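So the chains spell out like this:
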Protein chains: 2
Amino acid sequence: MYLSVDCIVFKVFCLLIFKMPIFAGHRTKCIWFLIPFSSFGQSLFLLDSRKRLKGVLMDVLWLTEEDVSAHLTMDDAISAVEKAFLDHGRGQTQMPPKSYLYFSKPEGDLRTMPAFLEGQDLAGVKIVNVHPKNPEIGLPTVMALLVLNSPKTGAPIAVMGATFLTSMRTGAAGAVAARYLARPESKVVGLVGAGVQARTQLLGLSRIFEIERVIVADRSIESAKAFAEYAKTFLDCEYQTTAGAKDACDCDILVTTTPARAPVVVKEWVKPGTHINAIGADAKGKQELESALTGSAVVVVDDMAQAVHSGEVNVPISQGVLRPEEIYAQIGEILVGKKPGRTGGANGIGGEEVTIFDSTGLGIQDVATGTVVYRRAMDAGKGIHLGFL
Amino acid sequence: MYLSVDCIVFKVFCLLIFKMPIFAGHRTKCIWFLIPFSSFGQSLFLLDSRKRLKGVLMDVLWLTEEDVSAHLTMDDAISAVEKAFLDHGRGQTQMPPKSYLYFSKPEGDLRTMPAFLEGQDLAGVKIVNVHPKNPEIGLPTVMALLVLNSPKTGAPIAVMGATFLTSMRTGAAGAVAARYLARPESKVVGLVGAGVQARTQLLGLSRIFEIERVIVADRSIESAKAFAEYAKTFLDCEYQTTAGAKDACDCDILVTTTPARAPVVVKEWVKPGTHINAIGADAKGKQELESALTGSAVVVVDDMAQAVHSGEVNVPISQGVLRPEEIYAQIGEILVGKKPGRTGGANGIGGEEVTIFDSTGLGIQDVATGTVVYRRAMDAGKGIHLGFL
């Protein structure tokens, strides 16, 4: 449908130009003049040949990973995720449990995450895989696709590559959690794990805190060094690299982003008053922090059901070291004021307490962040408009 | 990625043409010659400007409803759905329960249906809405989008409009069920409800049986007549139209496709040996057949969990008229031979028994049928290839 409307508009434009007195008797010039305005000309001149037209019935916007990267800033992601957590805290979200399909040749899974933010009237479904052997054939382990739907009509309005978006909304969640749970004067960030997730975690924290020093720990010291080099492009501060997770614990905010199935951080390494963003654990049996650490800290989760099932707390709970009712809050409850965050005083979490944010990743984060991208891309005239009906 | 390759190919093509001796000194002619080959020309001349390029990393094929309609025959759908039911009967499918998001302004819902056919190595997710008030603003009540994913890599490989496909795979399910449950010599089909679903139900049956007469019943006799007129385009036989559901029961195969919440067919109307495809009920509280009819018939469901929750059997079960263990089989069990179908003899369902197929619609039907469409469209060079990574 888009193409035919576009075509008619262009034809009318052509006819008007052909009739202009300035071109009378100069047909050739006329054609040369028209070419740059056509999609032919746009591809010929390497201009952006993507198309856009607002208000077409059942038009779906396609955004590639590249489009998404170009229209998503961490500040936007933080703001979107914070609003999503607020809605969650107010009970104004719908988020059925993630559905899993399990593959065996090769091993992998596909997760489907529908979500509806009632207050903001945003809905959609993220479909994301985890195929650990993909890198062997040159593909990413994780690839995500986000479909946004209109709650008013149910129609799909956008489909976008959501791998980068997933990483950004996870970084944003860590930043939002740290804003409410870390000591405000936090200056030193410790990272255990120096992969893609660590990048967006640090980027998120850098938008909230005045970071003076970052300690990057990775089993591969080369990875740690490469991370530090990359991180300097967005955060100018002192970097220390190490192969030992213990060294990274000498910090105010600790971020763990490993795929560990056995603890990589033990309780005695962690200083009083530290805030920990535990990002890595995303499936039953996964754990990054020693159970004794989780059992003794103030634990905040993103979503109780998901965290108990597959978050950092799943192992301590299965071991009986932590009871679900001992979990302090869902982050949304702190944002809406149902539970106090870290105030350093008598009302909230004390300055000496260790806090842990257990991030499992919520569909509402994806839908909220994806909607920002969709709006920015629409405003910029980016993406491909596809006919649907 | 696709666009830039396309652009380079077109530029090389232009350069070659410009160098051809025949055009020496005829620049203007040269441009006119080139235009039809450009996307500018294609839209100007209303040619199909859809693009395609095989072998691009992470290329996702976009198919509109129109593309899907053009590449899906009922025979293909029947074959795909039959294979899907076979896999289901062998226990080689994964189909987590449908997830629902519920909207209230206006009322509607969004259903997410992931499915994996292990034997055929096909996976995907259908996202489908039901917004009863959509027709007031000129939109369909139901709109579906199907995402196909590679089980090997998890990557999305196609996204397609799946509203027509949903109707076709439902018609195919009715046809497959009737093949195993109706008397082979069935000649008269009764339809209660004359909407879009009835069309594909009749189309499906017409591929399996030698139909001599169709009795179309709809509360609106005009709808029944319009249906008969339309049906004549694909099935040449005698048509009888009526406003009374009772009249339609004078048949060998009865198909109910209404959105009824109270029974529209009562037990005493139904003749011995009739097979009934109960298509309409798709949510808790919905029912088309009198509970006494369902309670006394041989009931076959597509999927036990879905049917008990939201199929035709949900109301009789909640009333205690039917116990889940009284359900004769899942259709897949009959296809693989675990349970006999209607043989008219001592081993299977007798010739005088009434059979009911309770169709709730399975994600495996969508994925199997969508894959056929994807392959046909790829072979025909149709659809838009979109860069993903």
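Fair warning: this is a prediction, and the values are worked out from it, not measured in the lab.

1. Looking at the overall build of chain A
Phase 1 of the analysis: In terms of regular secondary structure, chain A is built from 14 helices and 16 strands.
Phase 2 of the analysis: Expressed as a percentage of the 389 residues in chain A, the buried residues total 58%.
Phase 3 of the analysis: Taking the contacts inside chain A whose residues are at least 6 apart along the sequence as the reference set, 68% of them involve residues at least 24 apart.
Phase 4 of the analysis: Counting every atom, chain A has about 15600 Å² of accessible surface; 55% of that belongs to carbon and sulfur.

2. Here we look at the pairing of strand E6 (residues 142–149) of chain B
Residue and element names in this part refer to chain B.
Phase 1 of the analysis: With 7 of its 8 residues buried, E6 lies for the most part within the structure.
Phase 2 of the analysis: Note that strand E5 (residues 122–130) and E6 share 8 bridges and pair antiparallel. For Val125, the partnering residue across the bridge sits in E6 and is Val147.
Phase 3 of the analysis: Across 5 bridges, E6 lies against strand E7 (residues 156–161) in antiparallel orientation. What sits directly across from Leu145, in E7, is Gly161.
Phase 4 of the analysis: The antiparallel hairpin formed by E6 and E7 contains 6 residues in its connecting segment, where Gly154 sits at a positive phi of about 85°.

3. A look at the packing of helix H6 (residues 163–181) of chain B against helix H14 (residues 363–380) of chain B
Residue and element names in this part refer to chain B.
Phase 1 of the analysis: At a closest axis distance of 10 Å, the pairing of H6 and H14 adopts a crossing angle of 115°. Viewed along their axes, H6 and H14 adopt a mutual orientation that is roughly perpendicular. As for the relative orientation of H6 and H14, their crossing is right-handed in sense. Contacts between H6 and H14 pair Leu165, Thr166, Arg169, Thr170 and Ala173 from the former with Gln365, Asp366, Thr369, Gly370 and Val373 from the latter.
Phase 2 of the analysis: Along the lines of polarity and charge, the residues of the contact of H6 with H14 split into 3 nonpolar, 5 polar and 2 charged.

4. A closer look at the packing of helix H7 (residues 196–206) of chain B against helix H8 (residues 221–231) of chain B
Residue and element names in this part refer to chain B.
Phase 1 of the analysis: It is the contact of H7 with H8, at a shortest axis distance of 11 Å, that shows an interaxial angle of 40°. One finds that H7 runs oblique with respect to H8. In this structure, H7 meets H8 at a crossing whose hand is right-handed. Counted together, Ala198, Arg199 and Leu202 of H7 and Phe227, Tyr230 and Ala231 of H8 form the full contact between these two elements.
Phase 2 of the analysis: Of the residues contributing to the contact of H7 with H8, the split by class is 5 nonpolar, no polar and 1 charged.

5. Quick notes on the nonpolar core
Phase 1 of the analysis: Grouped together as the largest cluster of nonpolar side chains are 47 residues, with contacts concentrated most on Phe85(A), Met160(A), Leu165(A), Leu181(A), Ile331(A) and Phe357(A).
Phase 2 of the analysis: Each of domain 2 (59–165 + 364–387) and domain 3 (171–361) of chain A contributes no fewer than three residues to this core.
Phase 3 of the analysis: By size, the runner-up hydrophobic cluster in this structure holds 46 residues, among which are Met113(B), Met160(B), Ala173(B) and Met378(B).

6. Comments concerning the side chain of His275(A)
Phase 1 of the analysis: Mapped onto the elements of the fold, His275(A) is located in strand E12 (residues 275–278).
Phase 2 of the analysis: A polar side-chain atom of His275(A) sits 2.8 Å from a polar atom in the side chain of Asn277(A).

7. Remarks on the domain arrangement of chain A
Residues and elements named next belong to chain A.
Phase 1 of the analysis: The domain architecture assigned to chain A consists of domain 1 (2–44), domain 2 (59–165 + 364–387) and domain 3 (171–361).
Phase 2 of the analysis: Here domain 2 and domain 3 have C-alpha centroids that lie 24 Å from each other.
Phase 3 of the analysis: In this assembly, 17 residues from domain 2 lie in contact with 26 residues from domain 3.
Phase 4 of the analysis: Of the roughly 1700 Å² buried between domain 2 and domain 3, counting both surfaces, carbon and sulfur atoms make up 63%.
Phase 5 of the analysis: Viewed at the interface, domain 3 and domain 2 are joined by 3 salt bridges.
Phase 6 of the analysis: Linking Arg179 and Glu82 is a salt bridge whose minimum nitrogen-to-oxygen distance equals 2.5 Å.
Phase 7 of the analysis: Within the residue set of the side of domain 2 that touches domain 3, elements represented by two or more residues are helix H5 (74–89) and strand E4 (107–117).
Phase 8 of the analysis: Of the residues in the side of domain 2 that touches domain 3, the class split is 9 nonpolar, 3 polar and 5 charged.

8. Describing the sheet that holds strand E14 (residues 329–330) of chain B
Residue and element names in this part refer to chain B.
Phase 1 of the analysis: An order of E10-E9-E8-E11-E12-E15-E13-E14 is seen for the 8 strands of this open sheet, with the pairing classed as parallel. Each of the sheet's edge strands pairs with one partner strand only, and the pair in question is strand E10 (238–242) and E14.
Phase 2 of the analysis: Along the sheet, H8 makes contact with strand E8 (188–192), strand E9 (213–217) and E10, crossing E10 at roughly 165°.

9. Observations regarding unusual backbone geometry
Residues and elements named next belong to chain A.
Phase 1 of the analysis: Cis geometry is found at the peptide bond from Lys105 to Pro106, where omega equals -10°.
Phase 2 of the analysis: Within the fold, Pro106 resides in the loop between strand E3 (99–104) and E4.
Phase 3 of the analysis: Even without being a glycine, Asp121 presents a positive backbone phi close to 55°.

10. Describing the pairing of strand E7 (residues 156–161) of chain A
All names here are of chain A.
Phase 1 of the analysis: With 5 of 6 residues buried, E7 is to be regarded as a mostly interior element.
Phase 2 of the analysis: Pairing geometry for strand E1 (residues 59–63) and E7, over 3 bridges, is parallel. By the bridge assignment, Leu63 is partnered in E7 with Met160.

11. Some words on the pattern of salt bridges
Residue and element names in this part refer to chain A.
Phase 1 of the analysis: Applying the stated rule across the entire model yields 32 salt bridges over all chains.
Phase 2 of the analysis: Two residues, Arg111 and Asp109, come together in a salt bridge whose shortest N-O distance is 2.9 Å. Of the two residues, Arg111 and Asp109, neither departs from the other in class, the shared state being buried.
Phase 3 of the analysis: Put simply, Arg183 and Asp252 hold a salt bridge, and the shortest N to O gap is 3.1 Å.

12. Describing the environment of Gln319(A)
All names here are of chain A.
Phase 1 of the analysis: For Gln319, the location among the structural elements is in helix H12 (residues 314–319).
Phase 2 of the analysis: Judged by its relative accessible area of 46%, Gln319 falls in the partly exposed class.
Phase 3 of the analysis: Taking the C-alpha atoms as reference points, Gln319 and Leu122, separated by 197 residues in sequence, lie 38 Å from one another.

13. Structural notes on the environment of Gln92(B)
All names here are of chain B.
Phase 1 of the analysis: Mapped onto the elements of the fold, Gln92 is located in the loop between helix H5 (74–89) and strand E2 (93–94).
Phase 2 of the analysis: In sequence terms Gln92 and Asp121 are 29 residues apart; their C-alpha atoms lie 9.9 Å from each other.
Phase 3 of the analysis: Ignoring sequence-local partners within four residues, the contact set of Gln92 consists of Asp87, Phe116, Leu117, Glu118 and Gly119.

14. Some remarks on the sheet that holds strand E13 (residues 298–301) of chain A
Pairing between the strands of a sheet comes from backbone hydrogen bonds, and it takes one of two forms, parallel or antiparallel.
Residues and elements named next belong to chain A.
Phase 1 of the analysis: The strand order across the open sheet built from 8 strands is E10-E9-E8-E11-E12-E15-E13-E14, with neighbouring strands paired in parallel fashion. Since the sheet does not close on itself, it has two edges, and those belong to strand E10 (238–242) and strand E14 (329–330), each with one partner.
Phase 2 of the analysis: When E13 meets strand E15 (residues 355–358), the two strands line up parallel, connected through 4 bridges. Each residue of the ladder has a partner; that of Val300, found in E15, is Phe357.
Phase 3 of the analysis: The sheet strands contacting helix H6 (residues 163–181) are strand E11 (253–256), E12, E13 and E15, and the helix crosses E12 at an angle near 160°.

Definitions and cut-offs
- Residues numbered from 1 in each chain as written.
- Chains lettered and ligands numbered in written order.
- Predicted model: local features only at pLDDT ≥ 70, side-chain atom pairs only at ≥ 80, totals over all residues.
- Heavy atoms only, no water.
- Helix = DSSP H or I, 4+ residues; strand = E, 2+ residues; numbered from the N terminus.
- Buried < 20%, exposed > 50% of the residue type's maximum accessible area, 1.4 Å probe, protein only.
- Contact = heavy atoms within 4.5 Å.
- Areas by Shrake-Rupley, 256 points an atom, 1.4 Å probe, with all protein chains shown as cover.
- Pairing = 2+ DSSP bridges.
- Axes fitted to C-alpha atoms, helices over the stretch in contact; angles between N-to-C directions.
- Parallel < 35°, antiparallel > 145°, perpendicular 65-115°, else oblique.
- Left-handed = near helix turned anticlockwise from the far one by under 90°.
- Nonpolar A, V, L, I, M, F, W, Y, C, P; charged D, E, K, R; others polar.
- Core = buried A, V, L, I, M, F, W, Y, C linked by side-chain atoms within 4.5 Å.
- Domains from an automatic or database assignment.
- Polar contact = N/O pair within 3.5 Å; in protein donor to acceptor, adjacent residues only side chain to side chain.
- Buried area = accessible area lost by both parts, 1.4 Å probe.
- Salt bridge = Lys/Arg side-chain N within 4 Å of Asp/Glu carboxyl O.

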